[in-house]
Amino acid sequence: MARLLKTNAKAQFIDVTHAKPAVATQFLEQADWDVDAALREYYNQNPPQDPKVGEIFDKYKSPENPDLILIDGTLEYLSDLGYDPEELKSLTVAYVLESPQTGEFHRNAFVRVWLTLGVNTIQGMRQYVDEKQLLMERSVEEFEPFYQFVFEFVRGSDSRIKVIGFEEAIIYWQMLLDLRFPTSGERLQQWYEFVQETKKSITRDSWNMFFKFVVQVIENDPLSLSAYDETSAWPSVVDEFMEWLEESGKLQKSEDVVMMN
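Residues numbered from 1 in each chain as written. Predicted model: local features only at pLDDT ≥ 70, side-chain atom pairs only at ≥ 80, totals over all residues. Heavy atoms only, no water.

**Observations concerning the overall build of the chain**
Argument step 1. Regarding its fold elements, the chain presents 14 helices and 4 strands.
Argument step 2. By its C-alpha atoms, the chain is 65 × 50 × 35 Å across when sized along the principal axes.
Argument step 3. Out of the 261 residues belonging to the chain, those deemed buried represent 43%.
Argument step 4. A sequence separation of at least 24 residues applies to 64% of the contacts in the chain between residues at least 6 apart.
Argument step 5. Accessible surface computed for the chain: about 14300 Å², of which carbon and sulfur atoms make up 50%.
Argument step 6. Side chains of the chain give 25 positive and 45 negative charges; the mean places of these two sets differ by 7 Å. (Helix = DSSP H or I, 4+ residues; strand = E, 2+ residues; numbered from the N terminus. Buried < 20%, exposed > 50% of the residue type's maximum accessible area, 1.4 Å probe, protein only. Contact = heavy atoms within 4.5 Å. Areas by Shrake-Rupley, 256 points an atom, 1.4 Å probe, with all protein chains shown as cover. Lys, Arg positive; Asp, Glu negative; His and termini not counted. Charge placed at Lys NZ, Arg CZ, Asp CG, Glu CD.)

Written out as C-alpha coordinates, the structure is:
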(Lines give C-alpha, C1' and ligand atoms only; values in the text may rest on other atoms or scores of the structure.)
Protein backbone atom coordinates (compact mmCIF):
# COMPACT_ATOMS: atom_id res chain seq x y z
CA MET A 1 0.00 0.00 0.00
CA ALA A 2 2.77 2.45 0.95
CA ARG A 3 4.62 1.68 -2.27
CA LEU A 4 1.47 2.31 -4.31
CA LEU A 5 0.88 5.65 -2.57
CA LYS A 6 4.46 6.70 -3.32
CA THR A 7 4.12 5.62 -6.93
CA ASN A 8 0.92 7.65 -7.30
CA ALA A 9 2.50 10.66 -5.63
CA LYS A 10 5.48 10.48 -7.95
CA ALA A 11 3.25 10.19 -11.01
CA GLN A 12 1.20 13.17 -9.87
CA PHE A 13 4.32 15.27 -9.25
CA ILE A 14 5.74 14.45 -12.68
CA ASP A 15 2.39 15.09 -14.37
CA VAL A 16 2.26 18.60 -12.91
CA THR A 17 5.91 19.60 -13.19
CA HIS A 18 7.16 17.44 -16.08
CA ALA A 19 10.26 16.92 -13.93
CA LYS A 20 12.52 13.90 -14.27
CA PRO A 21 11.70 10.91 -12.01
CA ALA A 22 14.86 11.43 -9.94
CA VAL A 23 13.89 15.06 -9.29
CA ALA A 24 10.37 14.03 -8.32
CA THR A 25 11.73 11.46 -5.88
CA GLN A 26 14.12 14.01 -4.36
CA PHE A 27 11.44 16.59 -3.60
CA LEU A 28 8.87 14.05 -2.45
CA GLU A 29 11.31 12.41 -0.04
CA GLN A 30 12.18 15.83 1.41
CA ALA A 31 8.45 16.50 1.88
CA ASP A 32 7.78 13.05 3.39
CA TRP A 33 5.77 12.22 0.25
CA ASP A 34 3.33 15.09 0.71
CA VAL A 35 2.65 16.06 -2.91
CA ASP A 36 1.42 19.58 -2.16
CA ALA A 37 4.43 20.35 0.04
CA ALA A 38 6.80 18.88 -2.55
CA LEU A 39 5.26 20.95 -5.34
CA ARG A 40 5.44 24.08 -3.21
CA GLU A 41 9.15 23.61 -2.56
CA TYR A 42 9.85 22.64 -6.17
CA TYR A 43 8.24 25.81 -7.49
CA ASN A 44 9.92 27.91 -4.82
CA GLN A 45 13.23 26.74 -6.26
CA ASN A 46 12.03 26.67 -9.88
CA PRO A 47 9.57 29.55 -10.36
CA PRO A 48 7.04 28.46 -12.98
CA GLN A 49 6.70 30.35 -16.21
CA ASP A 50 3.31 30.96 -17.80
CA PRO A 51 2.84 34.19 -19.72
CA LYS A 52 -0.94 34.17 -19.27
CA VAL A 53 -0.84 33.77 -15.48
CA GLY A 54 1.96 36.33 -15.24
CA GLU A 55 -0.04 38.77 -17.32
CA ILE A 56 -3.05 38.36 -15.04
CA PHE A 57 -0.88 39.05 -12.00
CA ASP A 58 0.69 42.07 -13.69
CA LYS A 59 -2.73 43.61 -14.25
CA TYR A 60 -3.19 43.94 -10.49
CA LYS A 61 0.40 44.31 -9.23
CA SER A 62 1.48 47.20 -7.01
CA PRO A 63 3.20 50.10 -8.83
CA GLU A 64 5.74 50.19 -5.99
CA ASN A 65 6.45 46.45 -5.85
CA PRO A 66 5.91 44.35 -8.99
CA ASP A 67 5.98 41.11 -6.98
CA LEU A 68 2.98 42.05 -4.83
CA ILE A 69 -0.71 42.66 -5.30
CA LEU A 70 -1.84 45.02 -2.55
CA ILE A 71 -5.24 46.33 -1.49
CA ASP A 72 -6.20 48.25 -4.64
CA GLY A 73 -5.15 45.41 -6.90
CA THR A 74 -6.88 42.89 -4.63
CA LEU A 75 -10.18 44.74 -4.87
CA GLU A 76 -9.88 44.91 -8.67
CA TYR A 77 -8.97 41.21 -8.87
CA LEU A 78 -11.93 40.18 -6.71
CA SER A 79 -14.21 42.38 -8.80
CA ASP A 80 -13.02 40.72 -12.01
CA LEU A 81 -13.62 37.33 -10.40
CA GLY A 82 -17.14 38.47 -9.57
CA TYR A 83 -16.78 38.38 -5.78
CA ASP A 84 -17.67 40.95 -3.16
CA PRO A 85 -14.75 41.56 -0.76
CA GLU A 86 -17.08 40.84 2.17
CA GLU A 87 -18.26 37.44 0.95
CA LEU A 88 -16.83 34.08 1.92
CA LYS A 89 -15.48 33.29 -1.54
CA SER A 90 -13.07 36.21 -1.23
CA LEU A 91 -11.59 34.43 1.78
CA THR A 92 -11.43 31.26 -0.28
CA VAL A 93 -9.38 33.11 -2.91
CA ALA A 94 -6.96 34.18 -0.17
CA TYR A 95 -6.77 30.59 1.08
CA VAL A 96 -6.13 29.09 -2.34
CA LEU A 97 -3.43 31.66 -3.14
CA GLU A 98 -1.75 31.47 0.29
CA SER A 99 -2.29 35.15 1.06
CA PRO A 100 -0.39 36.12 4.23
CA GLN A 101 -2.82 38.88 5.20
CA THR A 102 -5.70 41.03 4.01
CA GLY A 103 -5.17 42.64 0.64
CA GLU A 104 -1.87 40.97 -0.22
CA PHE A 105 -0.88 38.34 -2.78
CA HIS A 106 2.65 37.33 -3.71
CA ARG A 107 3.65 36.72 -7.32
CA ASN A 108 5.44 33.44 -6.66
CA ALA A 109 2.51 31.84 -4.85
CA PHE A 110 -0.05 33.27 -7.29
CA VAL A 111 1.73 31.91 -10.36
CA ARG A 112 2.74 28.63 -8.74
CA VAL A 113 -0.76 27.80 -7.49
CA TRP A 114 -2.57 28.56 -10.73
CA LEU A 115 0.05 26.81 -12.85
CA THR A 116 -0.04 23.74 -10.60
CA LEU A 117 -3.83 23.68 -11.01
CA GLY A 118 -3.57 24.20 -14.76
CA VAL A 119 -5.57 27.43 -14.63
CA ASN A 120 -4.59 30.56 -16.58
CA THR A 121 -7.80 32.55 -17.13
CA ILE A 122 -10.04 34.61 -14.87
CA GLN A 123 -12.96 32.37 -15.81
CA GLY A 124 -10.97 29.28 -14.85
CA MET A 125 -9.92 30.85 -11.56
CA ARG A 126 -13.51 31.69 -10.72
CA GLN A 127 -14.63 28.16 -11.59
CA TYR A 128 -11.95 26.62 -9.38
CA VAL A 129 -12.79 28.86 -6.41
CA ASP A 130 -16.51 28.10 -6.79
CA GLU A 131 -15.80 24.37 -6.85
CA LYS A 132 -13.43 24.63 -3.90
CA GLN A 133 -16.06 26.52 -1.92
CA LEU A 134 -18.68 23.87 -2.68
CA LEU A 135 -16.29 21.10 -1.66
CA MET A 136 -15.58 22.80 1.68
CA GLU A 137 -19.29 23.28 2.30
CA ARG A 138 -19.81 19.54 1.91
CA SER A 139 -16.80 18.26 3.84
CA VAL A 140 -15.71 19.15 7.36
CA GLU A 141 -12.30 17.68 6.59
CA GLU A 142 -11.87 20.09 3.68
CA PHE A 143 -13.31 23.02 5.61
CA GLU A 144 -11.20 22.76 8.77
CA PRO A 145 -7.81 23.71 7.19
CA PHE A 146 -9.53 26.70 5.58
CA TYR A 147 -10.99 27.70 8.95
CA GLN A 148 -7.54 27.44 10.56
CA PHE A 149 -6.01 29.50 7.75
CA VAL A 150 -8.40 32.36 8.43
CA PHE A 151 -6.93 32.95 11.89
CA GLU A 152 -3.45 33.38 10.41
CA PHE A 153 -4.85 35.55 7.63
CA VAL A 154 -6.63 37.87 10.07
CA ARG A 155 -3.68 37.94 12.48
CA GLY A 156 -1.40 38.98 9.63
CA SER A 157 2.23 38.36 8.80
CA ASP A 158 3.67 40.04 11.91
CA SER A 159 4.75 37.03 13.98
CA ARG A 160 4.87 39.18 17.12
CA ILE A 161 1.07 39.33 17.10
CA LYS A 162 -0.32 36.19 18.73
CA VAL A 163 -4.05 36.94 18.98
CA ILE A 164 -6.93 38.54 17.12
CA GLY A 165 -9.41 40.93 18.69
CA PHE A 166 -12.77 39.59 19.84
CA GLU A 167 -14.71 41.87 17.49
CA GLU A 168 -12.76 40.67 14.46
CA ALA A 169 -13.12 37.08 15.62
CA ILE A 170 -16.91 37.40 15.83
CA ILE A 171 -17.13 38.91 12.34
CA TYR A 172 -15.16 36.05 10.82
CA TRP A 173 -16.92 33.37 12.87
CA GLN A 174 -20.23 34.66 11.57
CA MET A 175 -18.95 34.54 8.01
CA LEU A 176 -17.43 31.07 8.38
CA LEU A 177 -19.84 29.21 10.64
CA ASP A 178 -23.39 30.59 10.48
CA LEU A 179 -24.24 29.16 7.04
CA ARG A 180 -21.94 26.16 7.41
CA PHE A 181 -23.64 24.93 10.62
CA PRO A 182 -27.29 26.10 10.51
CA THR A 183 -28.47 23.60 13.14
CA SER A 184 -26.01 25.16 15.61
CA GLY A 185 -27.25 28.67 14.92
CA GLU A 186 -28.66 29.46 18.37
CA ARG A 187 -25.57 28.18 20.20
CA LEU A 188 -23.30 30.13 17.85
CA GLN A 189 -25.21 33.32 18.58
CA GLN A 190 -24.81 32.64 22.31
CA TRP A 191 -21.08 32.12 21.76
CA TYR A 192 -20.82 35.51 20.04
CA GLU A 193 -22.75 37.08 22.91
CA PHE A 194 -20.41 35.47 25.43
CA VAL A 195 -17.27 36.59 23.57
CA GLN A 196 -18.71 40.09 23.24
CA GLU A 197 -19.34 40.24 26.99
CA THR A 198 -15.95 38.90 28.05
CA LYS A 199 -14.04 40.98 25.48
CA LYS A 200 -11.15 38.53 25.49
CA SER A 201 -8.74 38.37 22.58
CA ILE A 202 -8.71 35.02 20.78
CA THR A 203 -5.61 32.86 20.58
CA ARG A 204 -4.86 30.40 17.78
CA ASP A 205 -5.57 27.49 20.10
CA SER A 206 -8.94 28.92 21.16
CA TRP A 207 -9.83 29.61 17.53
CA ASN A 208 -8.91 26.13 16.31
CA MET A 209 -10.42 24.26 19.25
CA PHE A 210 -13.70 26.15 19.04
CA PHE A 211 -14.22 24.64 15.60
CA LYS A 212 -13.77 21.17 17.08
CA PHE A 213 -16.19 22.14 19.85
CA VAL A 214 -18.79 23.09 17.23
CA VAL A 215 -18.34 19.83 15.32
CA GLN A 216 -17.98 17.45 18.25
CA VAL A 217 -20.26 19.03 20.85
CA ILE A 218 -22.70 21.61 19.47
CA GLU A 219 -23.55 19.78 16.24
CA ASN A 220 -23.86 16.49 18.13
CA ASP A 221 -26.45 17.80 20.59
CA PRO A 222 -27.32 21.51 20.32
CA LEU A 223 -29.89 21.40 23.14
CA SER A 224 -27.95 19.95 26.07
CA LEU A 225 -24.38 19.82 24.66
CA SER A 226 -24.15 16.39 26.23
CA ALA A 227 -20.91 15.53 24.40
CA TYR A 228 -19.05 18.15 26.42
CA ASP A 229 -16.63 16.68 28.95
CA GLU A 230 -15.11 19.17 31.35
CA THR A 231 -12.13 16.86 31.91
CA SER A 232 -11.21 17.03 28.21
CA ALA A 233 -8.52 19.38 26.99
CA TRP A 234 -10.77 22.23 25.89
CA PRO A 235 -9.28 25.73 26.13
CA SER A 236 -10.36 27.67 29.19
CA VAL A 237 -12.57 29.97 27.15
CA VAL A 238 -14.75 27.00 26.13
CA ASP A 239 -15.06 25.86 29.74
CA GLU A 240 -15.99 29.41 30.72
CA PHE A 241 -18.60 29.47 27.96
CA MET A 242 -20.21 26.32 29.37
CA GLU A 243 -20.28 27.89 32.84
CA TRP A 244 -21.79 31.06 31.35
CA LEU A 245 -24.53 29.02 29.66
CA GLU A 246 -25.40 27.23 32.90
CA GLU A 247 -25.40 30.40 35.01
CA SER A 248 -27.58 32.24 32.51
CA GLY A 249 -30.07 29.37 32.26
CA LYS A 250 -29.36 28.75 28.59
CA LEU A 251 -28.25 25.14 28.92
CA GLN A 252 -30.80 22.35 29.10
CA LYS A 253 -29.81 19.29 31.09
CA SER A 254 -29.82 15.98 29.22
CA GLU A 255 -32.56 14.60 31.48
CA ASP A 256 -34.72 17.65 30.78
CA VAL A 257 -34.42 17.02 27.05
CA VAL A 258 -35.41 13.36 27.55
CA MET A 259 -38.50 14.39 29.56
CA MET A 260 -39.50 16.90 26.86
CA ASN A 261 -39.38 14.12 24.29
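**Describing unusual backbone geometry**
Argument step 1. For Glu-98, which is not glycine, the phi torsion reads 55° and is therefore positive.
Argument step 2. Non-glycine residue Leu-225 carries a positive phi angle of around 50°.
Argument step 3. Here Leu-225 lies in the loop between α12 (204-218) and α13 (236-247).
Argument step 4. By relative accessible area, Leu-225 is classed as buried at 2%.

**A look at the packing of helix α9 (residues 140-155) against α12**
How two helices sit against one another is set out by the angle between their axes and by the gap between those axes.
Argument step 1. At a closest axis distance of 10 Å, the pairing of α9 and α12 adopts a crossing angle of 155°. Relative to α12, the element α9 lies roughly antiparallel. Judged by the sense of rotation from one axis to the other, the crossing of α9 with α12 is right-handed. Of the residues in α12, those in contact with Val-140, Phe-143, Glu-144, Tyr-147, Gln-148, Val-150, Phe-151, Glu-152 and Arg-155 of α9 are Arg-204, Trp-207, Asn-208, Phe-210, Phe-211, Lys-212 and Val-215.
Argument step 2. Its residues placed into classes, the contact of α9 with α12 shows 9 nonpolar, 2 polar and 5 charged. (Axes fitted to C-alpha atoms, helices over the stretch in contact; angles between N-to-C directions. Parallel < 35°, antiparallel > 145°, perpendicular 65-115°, else oblique. Left-handed = near helix turned anticlockwise from the far one by under 90°. Nonpolar A, V, L, I, M, F, W, Y, C, P; charged D, E, K, R; others polar.)

**Some details on the packing of helix α6 (residues 88-96) against α9**
Argument step 1. Packing of α6 against α9 brings their axes to within 10 Å, and their N-to-C directions diverge by 85°. With respect to each other, α6 and α9 are oriented roughly perpendicular. Between α6, through Leu-88, Leu-91, Thr-92, Ala-94 and Tyr-95, and α9, the contact on the second element is made entirely by Pro-145, Phe-146, Phe-149, Val-150 and Phe-153.
Argument step 2. Here the residues of the contact of α6 with α9 sort into 9 nonpolar, 1 polar and no charged.

**Quick look at the nonpolar core**
Among soluble globular proteins, nonpolar side chains are generally buried collectively.
Argument step 1. Ranked by internal contacts, the top residues of the largest apolar core, which has 46 residues, are Phe-146, Trp-173, Leu-176, Leu-177, Trp-207 and Phe-213.
Argument step 2. Among the secondary structure elements, those contributing two or more residues to this core are α6, α9, α10 (166-177), α11 (185-198), α12 and α13.
Argument step 3. Two domains each provide a minimum of three residues to this core, namely domain 2 (51-138) and domain 3 (158-248).
Argument step 4. The contact partners of Leu-176, leaving out residues within four places of it in the chain, are Leu-88, Leu-91, Phe-143, Phe-146, Tyr-147, Val-150 and Trp-207.
Argument step 5. In this structure, Tyr-60, Leu-81, Val-111 and Met-125 belong to the second largest nonpolar core, which totals 21 residues. (Core = buried A, V, L, I, M, F, W, Y, C linked by side-chain atoms within 4.5 Å. Domains from an automatic or database assignment.)

**So, the environment of Val-154**
Argument step 1. Topologically, Val-154 is positioned in helix α9.
Argument step 2. Separated by 68 residues in sequence, Val-154 and Glu-86 have C-alpha atoms that sit 13 Å apart.
Argument step 3. Leave out the neighbours within four places in its chain, and Val-154 touches Ile-164, Glu-168 and Tyr-172.

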